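One-letter residues, chain by chain:
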Amino acid sequence: MDKVGRLNIGCGSDIIDGWVNLDLCNLPGVNVVHNLEELPLPFKDSEFDEILCRDILEHVDYIPILQDLHRIMIKSGKLKIRVTHFTSSISYTYPTHKNYFTSRTFDFFIKGGDREYYFEFAFNRMNLCRITLERSCLPGFWWMIYFIGLLERVVNSNRNWIYLYEDTFLSRIFPGRNVEVELVK
């Protein structure tokens, strides 16, 4: 079996040494120039043990991409995703955003989940699900940064707190910035 590797999808200028860095643009350090929406991706089945996908899926038709990422991952490989939370100030202002995410979005792609039958692929489990909160505040209210950090720790202490946060006024008063998940094949 060939050596497995690590893939940094949509890396932009965030180049990681020792990883395959893929982007749409031919920037310095990019190893593979490829449009994510042109599938299949130019990799063999089971080629990667870790894939990093930060701030990409909100810009594309992400379900077929997730399926192809699943294809190129080894069994027990990890897919680390960061997407914009639906309450983020940039979620609806970015003209290239096509999708909006909650903590529950990726539950659809986990074996044993409520809707796993929707798709032809499923990850075995989710190792991580967390929300980062916006850190901006009005001048003179510096103490809010501390409070928001404390709220973020409480919200991420378990999934029920995350659900409570998203389902109530809390997420509207203290908007999320990102949803981060780690899916294991």
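As the structure is a prediction and not an experimental result, all values here were calculated from the model.

A. Expanded view of the overall build of the protein chain. When helices and strands are counted, the protein chain shows four helices and seven strands. When the elements of the protein chain are put in sequence order from the N terminus, they spell out β-β-β-β-α-β-β-α-α-α-β. By residue count, 44% of the 185 residues in the protein chain fall in the buried class. Put simply, of all contacts in the protein chain between residues at least 6 apart along the chain, 65% involve residues at least 24 apart.

B. Looking closely at a nonpolar patch on the surface. Taken together, the side chains of Y146, L150, V154, W161 and L164 present a nonpolar region at the surface, about 490 Å² in accessible area. Mapped onto the nonpolar patch, the elements with two or more residues apiece are α2 (143–155) and α3 (159–167). Of the residues forming the nonpolar patch, the biggest block, three residues, is contributed by α2. Along the chain, V154 turns up in helix α2.

C. The sheet that holds strand β4 (residues 48–54), seen in detail. The strand order across the open sheet formed by seven strands is β3-β2-β1-β4-β5-β7-β6, and the pairing between neighbours is mixed. What marks the edges here is a single partner per strand, and that holds for β3 (32–33) and β6 (125–133). Pairing geometry for strand β5 (residues 73–84) and strand β7 (residues 176–184), over seven bridges, is antiparallel. By the bridge assignment, K78 is partnered in β7 with V184. Packing against the sheet, α3 makes contact with β6 and β7, and its axis sits at approximately 40° to β6.

Criteria and thresholds
- Residues numbered from 1 in each chain as written.
- Predicted model: local features only at pLDDT ≥ 70, side-chain atom pairs only at ≥ 80, totals over all residues.
- Heavy atoms only, no water.
- Helix = DSSP H or I, 4+ residues; strand = E, 2+ residues; numbered from the N terminus.
- Buried < 20%, exposed > 50% of the residue type's maximum accessible area, 1.4 Å probe, protein only.
- Contact = heavy atoms within 4.5 Å.
- Patch = residues over 30% accessible without salt bridge, like charges linked within 9 Å, V, L, I, M, F, W, Y side chains within 5 Å.
- Areas by Shrake-Rupley, 256 points an atom, 1.4 Å probe, with all protein chains shown as cover.
- Salt bridge = Lys/Arg side-chain N within 4 Å of Asp/Glu carboxyl O.
- Pairing = 2+ DSSP bridges.
- Axes fitted to C-alpha atoms, helices over the stretch in contact; angles between N-to-C directions.

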